[in-house]
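Chain and residue survey
Next come the chains, spelled out residue by residue.
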Amino acid sequence: MALMTGQEYIESLRKLKTRVYMFGELVENWVDHPIIRPSINSICMTYDLAQDPQYEDLMTATSIFTGEKINRFNHLHQSTDDLVKKVKMQRLLGQKTASCFQRCVGMDSFNAVFSTTYEIDEAHGTNYHENFRKFLQFVQDNDLVVDGAMTDPKGDRGVAPHAQKDPDMFVHVVEQRKDGIVVRGAKVHQTGSINSHWHLMMPTQAMREDDKDYAVSFACPSDAEGVYMVYGRQSCDTRKMEEGCIDVGNPKFGGQEALVVLDNVFIPNEYIFMNGEYEFSGMMVERFAGYHRQSYGGCKVGVGDVLIGAAALAAEYNGVEKASHIKDKLIEMTHLNETLFSCGIACSCEGCPTKAGNYQINLLLANVCKQNVTRFPYEIVRLAEDIAGGLMVTMPADSDFKSATVAGRNGETIGEICNKYFAAHEVATEDRQKIMRFLENICLGAAAVGYRTESMHGAGSPQAQRIMISRQGNIQGKKQLAKDIIGIE
Ligand code: SF4
Ligand code: FE
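Residues numbered from 1 in each chain as written. Chains lettered and ligands numbered in written order. Predicted model: local features only at pLDDT ≥ 70, side-chain atom pairs only at ≥ 80, totals over all residues. Heavy atoms only, no water.

**A closer look at the nonpolar core**
Just so we agree on the cut-off: What makes a nonpolar core is a set of buried Ala, Val, Leu, Ile, Met, Phe, Trp, Tyr and Cys residues whose side-chain atoms join them at distances within 4.5 Å. For every residue, the accessible area obtained with a 1.4 Å probe (protein chains only) is divided by the maximum for its type, and the residue is called buried under 20%, exposed over 50%, and partly exposed between those limits. Only DSSP runs of H or I reaching four residues or more are called helices, and only runs of E reaching two or more are called strands; each is numbered from the N terminus. Whether two residues touch is decided by their heavy atoms; if any such pair falls within 4.5 Å, the residues are in contact.
Judged by nonpolar contacts, the single largest core of 75 residues is most densely connected at Y9, W30, F132, F135 and F218. The element best represented in this core is helix α5 (residues 104-124), accounting for six residues. If sequence neighbours within four positions are ignored, F218 has contacts with V171, V183, H199, L200, M201, L262, I267, Y271, I272 and F273.

**Things to note about the packing of helix α2 (residues 37-51) against helix α4 (residues 80-97)**
Formally: Between N-to-C directions, angles span 0 to 180 degrees; the directions come from axes that are lines fitted to C-alpha atoms, helices contributing only their stretch in contact. In this scheme, roughly parallel covers angles under 35 degrees and roughly antiparallel covers those over 145, while 65 to 115 is roughly perpendicular and the rest are oblique. By convention the crossing between two helices is left-handed if the near helix lies anticlockwise of the far one by an angle smaller than a right angle, and right-handed if it lies clockwise. Under the grouping applied here, Gly and all other residues not named as nonpolar or charged are polar, the nonpolar ones being Ala, Val, Leu, Ile, Met, Phe, Trp, Tyr, Cys and Pro and the charged ones Asp, Glu, Lys and Arg.
At a closest axis distance of 10 Å, the pairing of α2 and α4 adopts a crossing angle of 125°. Comparing their axes, α4 and α2 come out oblique. As α2 runs across α4, the sense of the crossing is right-handed. Contacts between α2 and α4 involve S42, M45, T46 and L49 on the former and, on the latter, L92, L93, K96 and T97. Among the residues forming the contact of α2 with α4, the class breakdown is four nonpolar, three polar and one charged.

**As for the sheet that holds strand β5 (residues 146-149)**
Stated precisely, the cut-off is as follows: DSSP calls a pair of strands paired once it identifies at least 2 bridges connecting them.
Strands sit in the order β5-β8-β9-β12 across an open sheet of four strands; the sheet is mixed. A single partner strand is all that each edge strand has here, and the edge strands are β5 and β12 (272-275). On average, each strand axis in the sheet is inclined to that of its neighbour by 20°, with strand direction left out of account. Here β5 pairs with strand β8 (residues 198-201) via four bridges, running parallel. The partner of A149 across the bridge, within β8, is M201. Those strands touched by α5 are β5, β8, β9 (216-221) and β12, and its axis lies near 60° from that of β5.

**Details of the sheet that holds strand β7 (residues 180-191)**
Pairing is mixed across the open sheet formed by six strands, whose spatial order is β2-β1-β10-β11-β7-β6. Unpaired on one side and paired on the other, β2 (25-26) and β6 (172-176) mark the two borders of the sheet. Direction of pairing for β6 relative to β7: antiparallel, over a ladder of four bridges. Opposite Q176, over in β7, you have I181 as the bridge partner.

Such coordinate-based values are descriptive only and should not be taken to indicate function.
Here you go:
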């Protein structure tokens, strides 16, 4: 099958029997639900841009299995050039959606599982790599979205998976059968999980022998028997229920996270990519995390571009765009944003081939990239709020601006009063309203999930990167450099 269009992608979701719960209820038509739909629209953009000749080079690649044109989100990176294009594609999508477009978790898991299964087979004589190649070719052929799922609930953080009071705190195998395995547990914070056709599950951390049952990786359809999801709440999410309301901030796009529950799900042998080879779970985690830490040097930068633009517009609408301190703040925001991009590009350029043949990023630089992402977007948001002014959080509702209720002595309506007092520099008050709400959306509304808190915790919390930086930073080698120069034996 050729590449799907965005519309075909939406129609393909309707065919699934995915079980989604929100506000304590089963959502019947989740594809058209106003709270969910913006996140579907964001993934749609990954399909629509792939159809646009202008973006073909970034958005598409050639399948290593079939030689066919595929969406880059389903590609195995074949060179450092591919790694660079991945980051540029993510920046582009951030620019087009100002939100998390979700499809990267699949791409990052494909590349991590592809290389890790190769090395497991090498050590154990298993058949996981072949299983995975077949699965990925199926994904490519059908242009599917896959949720790369890593994070387990983890329960008591001080206790190993097998020693948890509740054994389901980490996804684990509850039954080994001849034809497959039965798994139970859950994955939390799952980006784009509801909008995905399939899930690719990986262990959440390095495992020891006692945790053998927890060292498991497999694929299953979103609507497999025993799978269901509970939608994650976002700040101001119910504003999306107010149709055509400016207060939504970003009227078209959004991100999505959910709790994915695996309630005794049967996985046939052909979809198993690790089953007890605990010494490889750390490798899979490290690689997936590394790719996703690279990803943030693209997606967050794209959203940052839009945020910088919105802040500049707010300054213009307020009539202060010529003030030198405003110009300087925009320079600072740009400097921080481009520094993140530089990290994303650097860890890609310094990538190298894995044993399986696909390319991996430079892990040290990818972790440095993500460590900066845990900081710079916060400073960029601080500057955007500084430029925007307090109005982004104190402005009356859109319904006030449109209200015909008479309040003034001379018959002025609430709508007229709002439009009078919130007028500014030669722009329609409505445009000022739009830009303020858009800024609110990215800085502390629904999209702040993707731009702020996800910048902190997505792809691993800051401490996880610091551990990797300490492992990869080669302090011994650096000590030797000093010794060599000053002549210490
Ligand atoms: Fe992609 Fe960024 Fe969302 Fe991760 S946070 S899925 S890298 S857009
Ligand atoms: Fe993420």
